[in-house]
Amino acid sequence: MAAAPPAPAASGARATASSDRLALAAWVVAVLLLALGGTPGATAGQEPTPPAAPTLSEAEAEAQAQELMLLYQTAALQQMNVKEYHDAGKKGAGIKIAVIDVGYAGLQDRINEGELPADVVRLTYDLDTRTWTDGVGDGKTGCDEPIPHGTAAAEVIYDIAPEAKLYLVQLKGEADDSLRQLFERLRDEGVRIASMSLSFGIWRGDGTGPGYDLFEDVRRDYNILLVESAGNAAQTNYIADFRDGDGNARHEFNAAGDETNDITLGYCHDIVAYLTWDTWGGGAAGRQDYELVLTNALGVVVARSAPDPLHPDAPREVLSYTHNPLIHLPLFGRLRIERQTYGNAARPVHLQVWGVHSLQFRNPADGAGSLSAYGDSPHIFAVGAADVKDATLEEYSSRGPTTDNHEKPDITGYAMVNTASYWDYENRAFAGPSAAAPHVAGAAALLLQTNPGATADQLAALLSSTAEDKGDSGKDSLWGAGLLRLPYLQLNLTILAPTTAAPDAVGAPAAPGKTLIEVAAATGGGPPRGGPPA
């Protein structure tokens, strides 16, 4: 199905006061009054009389709606220098951006509230059948909770590029190496930027593996800049040589001989764990096989890993489990790695666990090498996360280097930002590289509108070259190129004091006379990058 032609939202569309927002404001006022002692006329033991809804003028209603919408707007706009672009009329007009995610819960509510435009294109792609259907759904966790993740990502992009055309794509199925038809469709629709706040299971860690060949085509042939979250696994990643000092075929996670790696899994939470080992080359070493086992604190097995059904011969196992007991208690679990076949070599094993906050033993301790797929590909623009409040790197944000020693992620974006989706569902901010990636995608849209002939490679280079350098000088495996920052649009030069001076002596003949000028430079966005906010 061809998409409808773009219909950019008017610049004032998001300022319209809605009845939902006004009702929320009245409710907040009522709660504050009750907290301060109730309303006039109420006596002890009586229900207080609800306050009358405030009578607001049109201007007051407009101002109140603006205040409420700021609650749900990403706080990173100033740090990113977005205002200069908006003031210059650069709001993403004519640019098509895809959001690729697994759940769009609350989407219609966000549209009704003005948090998203009404003309978003909604599509679902089934990875297993490689088929398309119109529309998107809530998505569900293992305990049937709705997932507003994609809706929140779209909100962030809309805050930054409100006139861009949004394509919301929901993924279903498990065959994560069948993405080619998805990107072919996006190419045919004219999409130039794709934001994917998703993680995929680890493979070799060097940008190769099943499905990876697609991403060079996406970048170079389809001319799409694919922006993907780097992952949340810096504290749930473990890499080491398999060791079995006592000969019982169980890996020892430390020098003391501990054979389990403890985790805590909350009630109604999912865990997915990936185990790979370094026998990708096959041969005699490839005959080794390992298995991942999850037990409870008493040692009772609750789940075992299995080979990837699409790639059963790969040195890779996947364990998945949903903790949904009758009694609402967390699982104090233990992971162990068991060798199923024997060999002489101690093969390096790589364990990455999703769905828990930390592992008892992680290695390296600084989270190095914790990228998820496909962020290790050189053709994907991988994004780490920094807290918008103080610009510090989030401790769980996945980092490089890749197994072939390339620096990743490519850049760091902003996290812990407000969105209507997570305010409603989680009562907390939108966190992690999942929030950071759409900030980068929105910034790319403004750059593409400003530089309409730019290729995907050139967009990536622009984003990298204007990032605020953090950590080690230059690109590194914590921050990538640095913290996301849009370049200034204007550079105004003012000649303050033209003077003349005698020529410098440079040998015979002397240099000609020259004019010396004192210059003051100012940008349309305020002070130079790295200085205090304007």
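Cut-offs used in this document
- As a convention, each chain's residues are numbered from 1 in the sequence order in which they are written.
- Where local features are concerned, this predicted model is filtered to residues with pLDDT of at least 70; where side-chain atom pairs are given and counted, the filter is 80 or more; whole-chain, interface and lining totals use all residues.
- Hydrogen atoms and water are omitted, and side-chain values are computed over all heavy atoms in the structure.
- Strands are treated as partners if at least two bridges between them are detected by DSSP.
- Helix numbers and strand numbers start at the N terminus; a helix is a DSSP run of H or I with at least 4 residues, a strand a run of E with at least 2.
- Note on geometry: axes are C-alpha line fits, over the in-contact stretch for helices, and angles between N-to-C directions span 0 to 180 degrees.
- Residues count as neighbours in contact if any of their non-hydrogen atoms are within 4.5 Å of one another.
- Polar contact is the term for a pair of N or O atoms within 3.5 Å; when the atoms are in protein, one must be able to donate a hydrogen and the other to accept it, and sequence-neighboring residues count only if both atoms are side-chain atoms.
- Classification of ring pairs uses Phe, Tyr and Trp, with its six-membered ring standing for Trp, and accepts pairs whose centres are within 6.5 Å; under 30 degrees between planes counts as stacked, over 60 as edge-to-face, and the remaining range as tilted.
- The cut-offs for exposure are 20% and 50% of the maximum accessible area for each residue type, with area from a 1.4 Å probe on protein chains only; residues under the lower value are buried, those over the upper are exposed, and the others partly exposed.
- Only lysine NZ and arginine CZ atoms are considered, and such an atom sits over a ring when it is within 6 Å of the ring centre and within 35 degrees of the ring normal.
- Grouping buried Ala, Val, Leu, Ile, Met, Phe, Trp, Tyr and Cys residues that are joined through side-chain atoms within 4.5 Å yields what is termed a nonpolar core.
- Note on definitions: salt bridges are taken to be side-chain nitrogens of Lys or Arg within 4 Å of carboxyl oxygens of Asp or Glu.
- pLDDT is a per-residue confidence score from the predictor, ranging from 0 to 100.
- Here the expected length of a helix is defined as 1.5 Å per residue gap, with one fewer gap than residues.

Peer 1: What is the right way to read the sheet that holds strand β14 (residues 331–339) from this model?
Peer 2: The strands that make up a sheet are held in pairs by hydrogen bonds between backbone atoms, and each pair lies either parallel or antiparallel. Reading across the sheet, the four strands line up as β8-β14-β10-β11 and stay open at both edges, with antiparallel pairing between neighbours. Each end of this open sheet is capped by a strand with a single partner; those strands are β8 (261–265) and β11 (301–304). Averaged over all pairs of adjacent strands, the angle between their axes in this sheet comes to 30 degrees, without regard to strand direction. Direction of pairing for strand β10 (residues 290–295) relative to β14: antiparallel, over a ladder of six bridges. Bridge pairing in β14 links Val293 to Arg336.

Peer 1: Explanation requested: the sheet that holds strand β7 (residues 237–241) in the structure shown.
Peer 2: Here we have five strands laid out as an open sheet, ordered β7-β15-β9-β13-β12, and antiparallel in their pairing. At either end of the open sheet lies a strand with only one pairing partner, and these are β7 and β12 (306–307). Bridge analysis of strand β9 (residues 269–277) against strand β15 (residues 348–354) gives six bridges, and the strand direction is antiparallel. Directly across from Leu275, in β15, lies its bridge partner Leu351.

Peer 1: It is not clear to me how the environment of Leu483 should be interpreted in this structure. Could you clarify?
Peer 2: You can see Leu483 is positioned in the loop between α11 (456–466) and β18 (491–495). Residue contacts for Leu483: discarding those within four places in its chain leaves Ala386, Ala391, Thr412, Gly413, Tyr414, Ala467, Glu468 and Lys470.

Peer 1: Looking at this structure, how should I read the side chain of Thr402?
Peer 2: Mapping Thr402 onto the fold places it in the loop between β16 (381–387) and β17 (411–415). Here the side chain of Thr402 touches Asp404 through a polar contact of 2.5 Å, side chain to side chain. The contacts of Thr402, once residues within four sequence positions are left out, are Gly205, Asp206, Leu371, Asp376 and Lys408.

Peer 1: It is not clear to me how the packing of aromatic side chains should be interpreted in this structure. Could you clarify?
Peer 2: We describe a pair of aromatic rings using the distance from one ring centre to the other and the angle between the two ring planes. Under the defined criterion, the tally for this structure stands at eleven aromatic pairs. Aromatic pair Phe200 and Tyr374: ring centres 5.0 Å apart, planes at 40 degrees, arrangement tilted. One end of the pair, Phe200, is in the loop between β5 (193–196) and α8 (214–221); the other, Tyr374, is in the loop between β15 and β16, and 174 residues separate them in sequence. By the burial criterion, Phe200 is buried, and Tyr374 matches it. Geometrically, the ring pair formed by Tyr212 and Tyr374 is edge-to-face, given 4.9 Å between the ring centres and 75 degrees between the ring planes. Placement of the pair is Tyr212 in the loop between β5 and α8 and Tyr374 in the loop between β15 and β16, with a sequence separation of 162 residues. Here Tyr212 and Tyr374 have matching classes, each one buried. A cation over an aromatic ring shows up here: Arg185 above the ring of Trp132, its NZ or CZ 4.9 Å from the ring centre.

Peer 1: Would you explain the nonpolar core in this entry?
Peer 2: The nonpolar side chains of a soluble globular protein tend to be buried, and buried together. Ranked by internal contacts, the top residues of the largest apolar core, which has 60 residues, are Ile193, Leu225 and Leu463. It is helix α10 (residues 432–450) that contributes the most residues to this core, eleven residues altogether. Among residues more than four places away in sequence, those in contact with Leu225 are Arg192, Ile193, Ala194, Arg219, Phe381, Ala444, Ala456, Leu459, Ala460 and Leu463. Counting residues in each nonpolar core, the second largest holds 31 residues, with Ile100, Met196, Val218 and Ala373 among its members.

Peer 1: How do you make sense of the pattern of salt bridges when you look at a structure like this?
Peer 2: Oppositely charged side chains can pair when the atoms bearing their charge come close. Overall, the coordinates contain 20 salt bridges when judged by the stated rule. For Lys165, the salt bridge identified is with Asp119, shortest N-O distance 3.3 Å. Here the residue Lys165 occupies a position in strand β4 (residues 165–172), and Asp119 occupies one in the loop between α5 (107–113) and β2 (121–126), the gap between them amounting to 46 residues. A salt bridge links Arg185 to Glu189; the shortest N-O distance between them is 3.1 Å.

Peer 1: I would appreciate a short explanation of the confidence of the model for the chain in the present structure.
Peer 2: Reading fine detail from the predicted coordinates is not recommended where pLDDT is low. Per-residue pLDDT for the chain averages 82, and the proportion of residues at 70 or more is 75%. Scored below 50 in pLDDT, residues 1–51 makes 56 contacts in the model with residues more than four places away or belonging to other chains. Low confidence marks residues 525–534, where pLDDT is under 50. Its contacts with residues over four positions away, or in another chain, come to 21 contacts.

Peer 1: Just checking my understanding: could you explain helix α6 (residues 149–160) for this structure?
Peer 2: Residue pairs spaced three or four apart in an α-helix point in one direction, given the helix's 3.6 residues per turn. If you check α6, its first and last C-alpha atoms are 18 Å apart, about what twelve residues at 1.5 Å a residue would give, namely 16 Å. By the criterion of burial, α6 is predominantly enclosed, with twelve of the twelve residues buried. Where α6 is concerned, the buried positions are His149, Gly150, Thr151, Ala152, Ala153, Ala154, Glu155, Val156, Ile157, Tyr158, Asp159 and Ile160.

Peer 1: What should I look at first to understand the pairing of β4 in this one?
Peer 2: Each regular strand displays side chains that alternate between the two surfaces of the sheet. Burial of β4 is extensive: seven of the eight residues sit out of reach of the surface. Sheet topology places strand β1 (residues 96–101) next to β4; six bridges connect them, and they run parallel. The partner of Lys96 across the bridge, within β4, is Lys165. Strand direction decides the pairing type here: β2 and β4, joined by six bridges, are parallel.

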